Amino acid sequence: VGLLGATSLVGECLQQQLVQQQWQIVAFSRRAQVSNNAAISWLQLDGLPMETGHSAVDNIPDWICAAPLWVLPRYFDMMLKLGARRIVALSSTSRYSKTASPDTSEQRIAQQLIAGEEALHTWATQHSITWIVLRPTLIYGHSRDKNITEIARFILRFGFFPVLGSARGLRQPIHVDDVAAASCSAISVEEAGNRAYDLSGGETLSYREMVVRIFEALGSKPRIFSIPLWLFHLALQGLRWLPRYRHWTSAMAQRMNQDLIFNCADAQQDLHFSPRSFKLAPGDLPSQN
C-alpha cells in the first residue's frame, strides 16, 4: 500500500495498523526518513529513494492519502505510473460546516476540500480506479491533534476555558485510531467503493460537556465562563500574539452553539466501522509538566 501523508497524525497511526495487518507499506514524505521496520519503505515525494531495506518500488495498486486532500492531485501522475487501482483519501466534515463560515480562511478550506473530492472523483473515474473518500468529524488523540489537545493546553495554561453562550452545539469527536481503522478497512473491503463516507465518533455530546470531560481528564475542576461574542473577538485579538492561537477565530466560537453531527451508519455497515465513545486516555492529553 502506498501511504501519502505518512508523517501526519493519522498517517503515523496508519503505519502501525497497516503493519499489524501485515501490509507492506511504501510511505511518502517530503523530507528524508529512515525506517526501523522492515515492513515500511520510505520514498521522498520528488522520487529520490531514501534509506530502505527494500528494492525499488515499481507497482503499488492500493493507496491511502492522509495528507490534505487538496494536495492529492499533484500526485495523480505518480500514482498512475505506479499502477494505482484503489485509493482511500481523507477529507473532512468541514466541507459542510465551514462552507458558510464568516471567516474567509475557513471558507477557503471548505472549498479546497470540495474541489479535492471532485478532482479525485473525476480522475479516478477516467482511469477506472476505485475510490473512497472518508470525512471524519473532529479528530483527537495522542496529544497531537489541533482540536481537543488545543483546548487542553489552553486549560493547563490559563486554568479556565471561555465559551460563547450556552455552548450547546452537539459534537461527535472521533479518535484518530478509529479514523485509521476505517481507512484500513476501506482499502481492504472490495465490496465498498466509488463513494464517500462520513465518519463520526461513537458518542454525541454538547460542546460544553466535551470541555467538561477535558477538565475531568486533566484532573481539574471545570471552570467554564460564558462570554459574549464581542468579548470573545477582543480576547482573540490578544491571543493571536501567541503563535499557538493564531488560527483561532470568532467563527470557531460561533460554532460552539451549532450542531455538527453526521450519520455514519453507512460506514458502520460497509466498512465495519465501530468508533469508541469520547473518553480521553492519558496519552491523549498534553504533558502537565
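What counts, and where the lines are drawn
Residues numbered from 1 in each chain as written. Predicted model: local features only at pLDDT ≥ 70, side-chain atom pairs only at ≥ 80, totals over all residues. Heavy atoms only, no water. Phe/Tyr/Trp six-rings, centres within 6.5 Å; stacked < 30°, edge-to-face > 60°. Helix = DSSP H or I, 4+ residues; strand = E, 2+ residues; numbered from the N terminus. Buried < 20%, exposed > 50% of the residue type's maximum accessible area, 1.4 Å probe, protein only. Lys NZ or Arg CZ within 6 Å of the ring centre and 35° of its normal. Axes fitted to C-alpha atoms, helices over the stretch in contact; angles between N-to-C directions. Parallel < 35°, antiparallel > 145°, perpendicular 65-115°, else oblique. Left-handed = near helix turned anticlockwise from the far one by under 90°. Contact = heavy atoms within 4.5 Å. Nonpolar A, V, L, I, M, F, W, Y, C, P; charged D, E, K, R; others polar. Salt bridge = Lys/Arg side-chain N within 4 Å of Asp/Glu carboxyl O. Pairing = 2+ DSSP bridges.

Caption draft 1: Spotlight on the packing of aromatic side chains. Following the criterion strictly, the structure yields 9 aromatic pairs and no others. With a centroid separation of 5.0 Å and 80° between ring planes, the pair formed by Tyr140 and Phe278 is classed as edge-to-face. Of the two residues, Tyr140 is situated in strand 7 (residues 139-140) and Phe278 in the segment after helix 10 (265-270); the sequence distance between them amounts to 138 residues. On the accessibility criterion, Tyr140 (0% relative accessible area) is buried. Put simply, the rings of Phe154, Phe158, Phe160, Phe161 and Phe225 pair up and form one aromatic cluster. One residue, Arg195, lies across the ring of Tyr197, its end atom 4.1 Å from the ring centre.

Caption draft 2: Highlighting the packing of helix 1 (residues 9-20) against helix 6 (residues 176-188). Here helix 1 crosses helix 6 at 60°, and the two axes come no closer than 9 Å. Between helix 1 and helix 6, the angle is such that the two are oblique. Where helix 1 crosses over helix 6, the two elements pack in a sense that is right-handed. Where helix 1 abuts helix 6, its residues Leu9, Val10, Cys13, Leu14, Gln17 and Leu18 lie against Val176, Asp177, Val179, Ala180, Ala181, Ser183 and Cys184. A breakdown of the residues in the contact of helix 1 with helix 6 according to their chemical character gives 10 nonpolar, 2 polar and 1 charged.

Caption draft 3: Representation of the pattern of salt bridges. Scanning the model with the defined rule gives 11 salt bridges in all. With a closest N to O distance of 2.7 Å, Glu12 and Arg144 form a salt bridge. Taken together, the residues Glu12 in helix 1 and Arg144 in the loop between strand 7 and helix 5 (148-158) connect sequence positions 132 residues apart. Connected through shared salt-bridge partners, Arg95, Glu117, Arg135 and Asp198 make up one network.

Caption draft 4: Spatial organisation of the sheet that holds strand 3 (residues 40-44). One open sheet accounts for 7 strands, arranged 3-2-1-4-5-6-11; its pairing is parallel. Looking at which strands have only one partner, the edges of the open sheet turn out to be strand 3 and strand 11 (195-199). Across the sheet, the axes of successive neighbouring strands diverge by a mean angle of 20°, strand direction being ignored. The pairing of strand 1 (residues 2-4) with strand 2 (residues 25-29) spans 2 bridges and is classified as parallel. The residue of strand 2 that forms the bridge with Leu3 is Ala27. With respect to the sheet, helix 4 (residues 104-126) is in contact with strand 5 (86-90) and strand 6 (130-136), its orientation differing from that of strand 6 by roughly 165°.

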